[in-house]
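# Fold and geometry: a report
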Amino acid sequence: MKKNAFLGWPWAPLAVVASGTGGAVLLLTARVALMPLLRDVDTGRFATNVPAMVLAAVVLAAMAVFAFGTARDRVDVPVSRSLPTGLAALLAGGVLGFSSLVDSFRYFFGETLPPPGQVQESTVTQLVLFGLLAFGVLGAVALVRWGLQTIAEGGTRRGMSAFGALAPVMWAWFRLAWYEMSYASTVGWSEKCYDFLMVIFELLCLFKLARFVSGVGKTTTGGMLFWAMAAAMFALSGPITHVLMYFTGGAEAYQASNLSGVADFGIGVLALTFGWSLWRGYREAPPVLREEEELLEEGDAAYDSSLDSLFVLEENEASEYNQP
């Protein structure tokens, strides 16, 4: 069997989480430090932040390579990281539920739409808005429940939640639909790219997390680490940039973080903590090389083939015995 040189790097999981953490810091620094230089003095608008985009692309590419080099199917959050992971889930669920309830109150009593706020009223937008608010509350309950389970059981395991883990995923899906229906999605790519990538990576991270929690399908450690750290990079840098823009007086002119809020920051904290906890679980468990897994699969296939041959042989012997 030919050995793949890109599989089985023992330092690859640490490289993924370290790259994601450093990428979040560098992306935030690039976005904030270059803002004064990119603002047009006449219009007040901001030009495309090319260095920040290039930096994000390089970090994502590096994390993808390192994630591919992680040769293990699944590891769980160990006992030593159950408390930080559970608290991060409680934080994410708390801020998600709080923001969803605030958005519901502002809409039903103040007729103020959730961010980005500007949409064309229709039956479809009303249904999407209802799904966004409802699944925001349900997703918060699911995250809080999972956090309490993680703390109580001393880590994660397969089958901790069946369908409840899909609630945060549905919230992220309705949020993406709500964003695409808003006028904010019609601005230039340079102004909407951060919000768009943030929502996409949050959706994919929560979807992978739902598969991980429920134990449905095959969840690789490398893939889980990549989506978690990618979501953390954008979900943490976006809200902080938005706050800094607000205090510097450029919030109205800068459209690249209008969707970012406390819910995104909570999801980012959860993704960052979960990524480092998975690395700790990978470190405490001896790595299983992909070649060993392939040998086991080949052994199972050979066993099944031998059983089929045995059945065919028995059928032939039975047919010869019954012949006159």
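Quantities reported herein were computed from a predicted structural model and do not represent experimental measurements.

### Points about the side chain of serine 82
Examined against the element boundaries, serine 82 turns out to sit in helix α4 (residues 82–110). At 2.9 Å, the side chain of serine 82 and the backbone oxygen of valine 79 are in polar contact. Excluding anything up to four places from it in sequence, serine 82 contacts Val77, Thr150, Ile151, Gly154 and Gly155.

### Structural notes on the pattern of salt bridges
A pair can form between side chains of opposite charge whenever their charged atoms are brought close. Counted by the stated rule, this structure contains 2 salt bridges. Of the charged contacts in the structure, one is a salt bridge between arginine 175 and glutamate 202, with a shortest N-O distance of 3.4 Å. Note that arginine 175 is positioned in helix α6 (residues 166–181) and glutamate 202 in helix α7 (residues 189–214), a separation of 27 residues in sequence. For the pair arginine 175 and glutamate 202, a shared accessibility class is recorded, and that class is buried. Aspartate 264 serves as the salt-bridge partner of arginine 175, at 2.5 Å between the closest nitrogen and oxygen. A residue pair is termed long-range when its members are at least 10 positions apart, and arginine 175 in helix α6 and aspartate 264 in helix α9 (residues 262–284) qualify at 89 residues. Among the residues examined, arginine 175 registers a relative accessible area of 10% and is labelled buried. The network of salt bridges with shared partners includes Arg175, Glu202 and Asp264.

### Some remarks on a nonpolar patch on the surface
On the surface, Phe163, Leu166, Met170 and Trp173 cluster together to form a nonpolar patch covering roughly 440 Å² of accessible area. Take tryptophan 173: it is sitting in helix α6. Judged by relative accessible area, tryptophan 173 falls into the partly exposed class, the value being 45%.

### Some details on the side chain of serine 214
For serine 214, the location among the structural elements is in helix α7. Classification of serine 214 as buried rests on a relative accessible area of 16%. Looking at serine 214, its side chain comes within polar contact range of the main-chain oxygen of alanine 210, at 2.7 Å. Of note is the side chain of serine 214, whose polar atom sits 3.5 Å from the backbone oxygen of arginine 211.

### Examining the environment of alanine 210
Counting through the fold element by element, alanine 210 comes out in helix α7. On the basis of relative accessibility, which here comes to 6%, the residue alanine 210 falls in the buried class.

### Thoughts on the confidence of the model for the protein chain
The share of residues in the protein chain with pLDDT of 70 or more is 76%, and the mean pLDDT across the chain is 79. Overall, residues 1–6 carries pLDDT values under 50, and its contacts beyond four positions in sequence, including any with other chains, amount to 9 contacts. Considering only residues more than four positions removed or in separate chains, one finds that residues 287–297, a stretch of pLDDT under 50, has 17 contacts.

### A closer look at the packing of helix α1 (residues 12–33) against helix α3 (residues 50–68)
Axis separation between α1 and α3 bottoms out at 9 Å; the angle between their running directions is 175 degrees. The angle between α1 and α3 falls in the class roughly antiparallel. Residues Ala12, Ala15, Val16, Ser19, Gly20, Gly23, Leu26, Leu27, Ala30 and Arg31 of α1 touch α3, and the partners they reach there are Ala52, Leu55, Ala56, Val59, Met63, Phe66 and Ala67. For the contact of α1 with α3, the residue count by class is 13 nonpolar, 3 polar and 1 charged.

### Looking at the nonpolar core
The tendency in soluble globular proteins is for nonpolar side chains to be buried as a group. Grouped together as the largest cluster of nonpolar side chains are 70 residues, with contacts concentrated most on Leu60, Trp146, Trp171, Phe234, Leu270, Phe274 and Leu278. Mapped onto this core, the elements with two or more residues apiece are α1, α3, α4, α5 (123–153), α6, α7, α8 (221–248) and α9. Residue contacts for phenylalanine 234: discarding those within four places in its chain leaves Leu27, Ala56, Leu60, Tyr194, Leu197, Met198, Phe201 and Pro239.

### What to know about the packing of aromatic side chains
How two aromatic rings sit relative to each other is set out by the distance from centre to centre and by the angle between their planes. With the rule as written, the count across this model stands at 11 aromatic pairs. Between the aromatic rings of phenylalanine 135 and phenylalanine 174, the centroid separation amounts to 5.6 Å while the plane-to-plane angle is 15 degrees, which identifies the pairing as stacked. Placement of the pair is phenylalanine 135 in helix α5 and phenylalanine 174 in helix α6, with a sequence separation of 39 residues. Looking at phenylalanine 135, the relative accessible area reads 24%, which means it is partly exposed. Look at phenylalanine 174 and you get buried, because its relative accessible area is 14%. Each ring, one from phenylalanine 201 and one from phenylalanine 234, has its centre 5.5 Å from the other, and the planes form 20 degrees; the classification is stacked. In this pair, phenylalanine 201 sits in helix α7 while phenylalanine 234 sits in helix α8, placing the two residues 33 residues apart along the sequence. Phenylalanine 201 sits in the buried class, given a relative accessible area of 9%. Over the aromatic face of tyrosine 194 sits the side chain of arginine 31, whose NZ or CZ is 3.8 Å from the ring centroid.

Criteria and cut-off values
Residues numbered from 1 in each chain as written. Predicted model: local features only at pLDDT ≥ 70, side-chain atom pairs only at ≥ 80, totals over all residues. Heavy atoms only, no water. Helix = DSSP H or I, 4+ residues; strand = E, 2+ residues; numbered from the N terminus. Polar contact = N/O pair within 3.5 Å; in protein donor to acceptor, adjacent residues only side chain to side chain. Contact = heavy atoms within 4.5 Å. Salt bridge = Lys/Arg side-chain N within 4 Å of Asp/Glu carboxyl O. Buried < 20%, exposed > 50% of the residue type's maximum accessible area, 1.4 Å probe, protein only. Patch = residues over 30% accessible without salt bridge, like charges linked within 9 Å, V, L, I, M, F, W, Y side chains within 5 Å. Areas by Shrake-Rupley, 256 points an atom, 1.4 Å probe, with all protein chains shown as cover. pLDDT = per-residue confidence, 0-100. Axes fitted to C-alpha atoms, helices over the stretch in contact; angles between N-to-C directions. Parallel < 35°, antiparallel > 145°, perpendicular 65-115°, else oblique. Nonpolar A, V, L, I, M, F, W, Y, C, P; charged D, E, K, R; others polar. Core = buried A, V, L, I, M, F, W, Y, C linked by side-chain atoms within 4.5 Å. Phe/Tyr/Trp six-rings, centres within 6.5 Å; stacked < 30°, edge-to-face > 60°. Lys NZ or Arg CZ within 6 Å of the ring centre and 35° of its normal.

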